[in-house]
Amino acid sequence: MKEIELKKVTKIYSPNIMALEEVSLTIEQGEFVFLTGQSGCGKTTLLKLLSAQLMPTSGEVWARGHCTSELTHYQVPFYRRLFGIMQTDMGLLKEQTVRQNLEFAMYATEQPVDLTKRRVEQTLRTVGIPSKAGHYPHELSGGEAARALLARALVTSPKILVLDEPTANLDSSASWDLMCLVDEINRMGLTVIVASHDRELVTIMKKRVITFVDGKLVGDSKRGVYDIGLDDASMARDMVLGRKRRKWFGKK
Ligand SMILES: Nc1ncnc2c1ncn2[C@@H]1O[C@H](COP(=O)(O)OP(=O)(O)O)[C@@H](O)[C@H]1O
Ligand SMILES: [Mg+2]
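K.L.:
Hey, could you go over the overall build of the chain for me, with residue numbers and the actual values?
P.N.:
What the chain contains, in helices and strands, is nine helices and 10 strands. By sequence separation, contacts in the chain at least 24 residues apart represent 61% of the contacts at least 6 residues apart.

Spelled out as structure tokens, the structure:
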């Protein structure tokens, strides 16, 4: 079943910033996909279009049979519950414990109260930090904080997990641990979409990799390595100039 489909999606921020240009792609249920490319290439924009935090300028974004631009104001929060979202501008509430942060996510999505306690404890066990339930965010290590954010994204039982640069603040060992955990969660049946510019991490995970350059989809590889279409004009230009060669192909 098609989990997600983008049909010629263009996103222009005012006045004239082309963040995504005619992007078409399909993601199947249960897939694990990396979106990658340099900073500013449009990864975050794509994730926000998926979860209807943004609307496309043209084209269509579909998830589980719903087209975001056809959702009514009333339907948007329900649509968003399909997604568990971990993004850099959505940190933990600092004055609340880890448990309270998760409980708030349950409350905000109107989940049954009698389910909340069980679900919160279960999710903290899944991400491996049950002993941190009563801790405040400043009492967590970077890796634990990332797991707490992951737990908050998961606690509401989403179908699609969307992670935006989840390893941005982690050292390589904590990054690896987090991504192995995300891999396990994917094996439990969730579709996983991760935006990351961390080339090494993306390569080592050996998942599907969709690559963007300047808002254009230039590669889609099942082999888990960067696959850049050299017919892309801007990439070809930079390749000729030798600017991006080392960056993208240097560490084979
Ligand atoms: N709210 C916004 N208003 C204007 N321009 C934006 C906004 N958000 C992102 N952009 C621009 O859109 C482009 C893509 O940004 P983004 O999706 O954040 O890329 P990435 O996540 O790959 O770094 C960049 O040029 C960025 O500066
Ligand atoms: Mg980003």
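K.L.:
Residue-level account of the site of ligand 1, with values.
P.N.:
Close to ligand 1 lie Y13, I17, A19, S39, G40, C41, G42, K43, T44 and T45, which account for all nearby residues. The set of elements that each furnish at least two residues to the shell around ligand 1 consists of β2 (17-28) and α1 (43-50). In terms of residue count, α1 provides more of the shell around ligand 1 than any other element does, three residues in total.

K.L.:
An account of the pairing of strand β4 (residues 58-63) is requested, with residue identities and associated values reported.
P.N.:
Sheet topology places strand β1 (residues 2-13) next to β4; five bridges connect them, and they run antiparallel. Each bridged residue has a counterpart across the sheet, and for I4 the counterpart in β4 is A63. By the bridge criterion, two bridges tie β4 to strand β5 (residues 66-67) in an arrangement that is antiparallel. Residue pairing across strands places A63 opposite H66, the latter belonging to β5.

K.L.:
Describe in detail the sheet that holds strand β10 (residues 216-221), supporting the description with residues and values.
P.N.:
Through backbone hydrogen bonds, the strands of a sheet pair up, either in parallel or in antiparallel fashion. The mixed open sheet is built from six strands, whose spatial order is β6-β7-β8-β3-β9-β10. Of all the strands in the sheet, just β6 (83-86) and β10 have a single pairing partner and so form its edges. Across this sheet, the average inter-strand angle for adjacent strands is 15°, counted without regard to direction. Of the strands in this sheet, β6 and β7 (160-164) are in contact with helix α5 (residues 142-154), which crosses β6 at around 160°.

K.L.:
So what about the nonpolar core? Which residues, and what values?
P.N.:
Note on soluble globular proteins: their nonpolar side chains tend to be buried together. Counting residues in each nonpolar core, the largest one holds 60 residues, and the members touching the most others are L35, L50, L149, L150, A151, V162 and I193. Counting residues per element, this core draws most heavily on α5, at eight residues. Once you skip the residues sitting within four places of it in the chain, L150 turns out to touch M86 and V127.

K.L.:
Explain the packing of helix α3 (residues 98-108) against helix α4 (residues 113-126) to me, and be specific about the residues and the numbers.
P.N.:
Direction vectors running N to C along α3 and α4 enclose 125°, while the axes themselves pass 10 Å from each other. Relative to α4, α3 is oriented oblique. Where α3 crosses over α4, the handedness of that crossing is right-handed. On the side of α3, the interface is formed by R99, L102, E103 and M106, while α4 contributes T116, R119, V120 and T123. For the contact of α3 with α4, the class distribution of residues is three nonpolar, two polar and three charged.

K.L.:
Mind laying out the sheet that holds β5, listing which residues take part and the relevant values?
P.N.:
One open sheet holds the four strands; their spatial order is β2-β1-β4-β5, and the pairing between them is antiparallel. A strand with exactly one partner marks an edge of an open sheet, and here the two such strands are β2 and β5.

K.L.:
Hey, could you go over the confidence of the model for the chain for me, with residue numbers and the actual values?
P.N.:
For the chain, the mean per-residue pLDDT works out to 89, and 88% of the residues sit at or above 70. Of the regions scoring below 50 in pLDDT, residues 227-252 engages in 28 contacts with residues more than four places distant in sequence or in other chains.

K.L.:
Which residues make up unusual backbone geometry, and what values do they have?
P.N.:
A cis amide bond links S14 with the next residue in sequence, P15, at an omega value of 0°. Of note, P15 is situated in the loop between β1 and β2. The backbone phi angle of E165 is positive, close to 45°, even though this residue is not glycine. Topologically, E165 is positioned in the loop between β7 and α6 (172-187). Of note in the backbone geometry, D214 takes a positive phi value of approximately 50° without being a glycine. In this fold, D214 is placed in the loop between β9 (208-213) and β10. Judged by the 19 C-beta atoms lying within 10 Å of it, D214 falls in the partly exposed class.

K.L.:
Explain the packing of α3 against α5 to me, and be specific about the residues and the numbers.
P.N.:
Running from N to C, α3 and α5 point in directions that differ by 25°, and their axes come no closer than 9 Å. Classified by the interaxial angle, the pair formed by α3 and α5 is roughly parallel. At the point where α3 passes α5, the crossing takes the right-handed sense. Contacts between α3 and α5 involve V98, N101, L102 and A105 from the first element and A148, A151 and R152 from the second. Looking at side-chain class alone, the contact of α3 with α5 contains five nonpolar, one polar and one charged residues.

What counts, and at which threshold
- Residues numbered from 1 in each chain as written.
- Chains lettered and ligands numbered in written order.
- Predicted model: local features only at pLDDT ≥ 70, side-chain atom pairs only at ≥ 80, totals over all residues.
- Helix = DSSP H or I, 4+ residues; strand = E, 2+ residues; numbered from the N terminus.
- Contact = placed C-beta atoms within 7 Å.
- Near = placed C-beta within 6 Å.
- Pairing = 2+ DSSP bridges.
- Axes fitted to C-alpha atoms, helices over the stretch in contact; angles between N-to-C directions.
- Core = buried A, V, L, I, M, F, W, Y, C linked by C-beta atoms within 7 Å.
- Buried ≥ 20, exposed ≤ 12 C-beta atoms within 10 Å, placed from the backbone.
- Parallel < 35°, antiparallel > 145°, perpendicular 65-115°, else oblique.
- Left-handed = near helix turned anticlockwise from the far one by under 90°.
- Nonpolar A, V, L, I, M, F, W, Y, C, P; charged D, E, K, R; others polar.
- pLDDT = per-residue confidence, 0-100.

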